[in-house]
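As a plain string of letters, each chain reads:
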Amino acid sequence: MTQMAAANAFAACFGEVRQYDHDRFLTVLLAPAPVRDALLALYAFNIEIARIPEAVSEPMMGQIRLQWWRETVEGLDRGETRGHAVAEALAATDISREGLLALIDARERDLSEEPFADLPALETYADATSAAVMRLAAGALGATVPESVVRNAGIAYALTGLLRALPLHASQGRLFMPADLLRLYDVDPHTILTGRMTEGLRGVMRDVADRARILLAGARHEPIPRAALPALMPVSLCDHYLALMTTPGFDPFHRPTEVPAFRRQLRLLRAKFTGRV
């Protein structure tokens with residue numbers, strides 16, 4: 001691949017991450033310049049496989065797309081990028097191919113209509129997806145992070161993100177809240193899928209948010225190597241999102257779960273200068 005082709009591939013990743021994963025996009029801008037392209041390629045790849053359920057009408061079509069990505073990743077080191085900009089960008093990095101394949105395997109769960117049985121099951125999924133992306137990002141940065149830190153941070157970020165995405169998932173007929181919590185608070189899943197907020201659902205969201213806060217505290221208990229900071233920096237935004245979504249009377253179906261960009265930027269800058277997420 002020529003230098004121009006690689007530059008075009010990374011530019012495409014830049015645009016994709018900026019549009020679909022703005023929080024991570026902001027962290028890339030704060031990462032050392034030599035590793036930004038690798039992070040963009042990783043995050044664009046994550047977007048590609050995470051959005052597959054939104055783009056297909058049935059699980060089998062999703063399986064076909066995931067298999068396409070498996071074969072593409074397996075061919076990266078042979079220069080077989082199939083003309084896809086994200087694959088071309090990945091081919092120019094040394095991001096673990098095994099790690100990318102594991103992410104694809106984990107995303108198969110997104111194609112299931114079965115809810116997660118309980119919070120531990122949801123956390124296992126979050127570890128294999130969100131925390132796995134942080135592990136790969138740390139690897140791209142050449143940094144080593146204590147496993148307990150990256151696991152806690154990754155799961156906390158995923159739980160926060162799933163709460164934020166609840167209305168979107170509901171509109172797609174998808175439900176990520178644990179079944180045992182829905183039963184505990186007597187929540188009919190159909191009320192969520194039709195976009196109705198209830199006190200029971202508020203209780204479910206509160207419990208998931210409380211668990212995310214516990215994991216955040218665990219992630220912050222140990223020092224993080226400065227070299228690894230950009231990989232874990234997205235988690236520093238969780239507090240803002242969790243505070244918003246657990247505000248009394250908050251209804252995610254009728255109020256945005258966004259935090260103003262300037263507040264996110266300030267929080268990320270603070271994390272960069274203090275070395276703490």
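Our subject is the structure that appears above.
Notes on the structure in this doc start here.

1. Observations regarding the packing of aromatic side chains
Counted by the stated rule, this structure contains six aromatic pairs. Ring centres of phenylalanine 116 and tyrosine 125 lie 5.2 Å apart, and the angle between their planes is 50 degrees; on these two criteria the pair is classed as tilted. Exposure class is identical for phenylalanine 116 and tyrosine 125. Each is buried. The interplanar angle of 35 degrees and the centroid separation of 6.0 Å between the aromatic rings of tyrosine 125 and phenylalanine 176 together place this pair among those described as tilted. Note that tyrosine 125 is positioned in helix H8 (residues 119-140) and phenylalanine 176 in the loop between helix H10 (166-171) and helix H11 (179-184), a separation of 51 residues in sequence. Each member of the pair, tyrosine 125 as well as phenylalanine 176, carries the same accessibility label: buried. By the ring-pair criterion, three or more aromatic residues cluster together here, those being Phe45, Trp68 and Trp69. Against the face of tyrosine 43 rests arginine 24, its NZ or CZ located 5.4 Å from the ring centre.

2. Let's talk about the layout of surface pockets
Quantified by volume, the largest pocket comes out at close to 1000 Å³. Taken together, 31 residues line the largest pocket, and the ones lying closest to its centre are Tyr20, Asp21, Gly161, Arg164 and Ala165. Among the elements that line the lining of the largest pocket, the one with the most residues is helix H9 (residues 147-164), at six residues. Tallied by class, residues from the lining of the largest pocket come to 11 nonpolar, nine polar and 11 charged. Size it by volume and the second largest pocket reaches roughly 420 Å³. Lining the second largest pocket are 21 residues, with Ser112, Glu113, Gln172, Gly173 and Arg174 positioned closest to its centre. Listed by contribution, the elements that provide at least two residues to the lining of the second largest pocket are helix H4 (52-55) and helix H12 (189-193). Taken together, the residues of the lining of the second largest pocket break down into 10 nonpolar, four polar and seven charged.

3. Describing the nonpolar core
By size, the foremost hydrophobic cluster in this structure holds 99 residues, and its most contacted members are Leu39, Phe45, Leu100, Met177, Ile192, Leu232 and Val235. Dropping the residues within four chain positions of it, phenylalanine 45 is found in contact with Trp69, Val73, Val86, Leu90, Leu100, Leu103 and Ile104.

4. Quick word on a nonpolar patch on the surface
Residues Phe262, Leu266, Leu269 and Phe273 make up a contiguous nonpolar surface patch of roughly 460 Å² in combined accessible area. In this fold, leucine 269 is placed in helix H16 (residues 261-274). Since its relative accessible area comes to 34%, leucine 269 is described here as partly exposed.

5. A look at the packing of helix H3 (residues 33-50) against helix H7 (residues 97-106)
Close contact between H3 and H7 brings their axes to 10 Å; oriented N to C, the two are set at 25 degrees. If you check the angle between H3 and H7, you find them roughly parallel. Two packed elements cross with a definite hand, and for H3 against H7 that hand is right-handed. Of the residues in H7, those in contact with Leu42, Phe45 and Ile49 of H3 are Leu100, Leu103 and Ile104. Taken together, the residues of the contact of H3 with H7 sort by class into six nonpolar, no polar and no charged.

Here is what the cut-offs are and how they apply
Residues numbered from 1 in each chain as written. Predicted model: local features only at pLDDT ≥ 70, side-chain atom pairs only at ≥ 80, totals over all residues. Heavy atoms only, no water. Phe/Tyr/Trp six-rings, centres within 6.5 Å; stacked < 30°, edge-to-face > 60°. Buried < 20%, exposed > 50% of the residue type's maximum accessible area, 1.4 Å probe, protein only. Helix = DSSP H or I, 4+ residues; strand = E, 2+ residues; numbered from the N terminus. Lys NZ or Arg CZ within 6 Å of the ring centre and 35° of its normal. 1 Å grid on protein atoms, 1.4 Å probe; cavity = no way out; pocket = protein on both sides within 12 Å on 5 of 7 lines; lining within 4 Å. Points joined across faces, edges and corners; volume = space filled by probe spheres on them. Nonpolar A, V, L, I, M, F, W, Y, C, P; charged D, E, K, R; others polar. Core = buried A, V, L, I, M, F, W, Y, C linked by side-chain atoms within 4.5 Å. Contact = heavy atoms within 4.5 Å. Patch = residues over 30% accessible without salt bridge, like charges linked within 9 Å, V, L, I, M, F, W, Y side chains within 5 Å. Areas by Shrake-Rupley, 256 points an atom, 1.4 Å probe, with all protein chains shown as cover. Salt bridge = Lys/Arg side-chain N within 4 Å of Asp/Glu carboxyl O. Axes fitted to C-alpha atoms, helices over the stretch in contact; angles between N-to-C directions. Parallel < 35°, antiparallel > 145°, perpendicular 65-115°, else oblique. Left-handed = near helix turned anticlockwise from the far one by under 90°.

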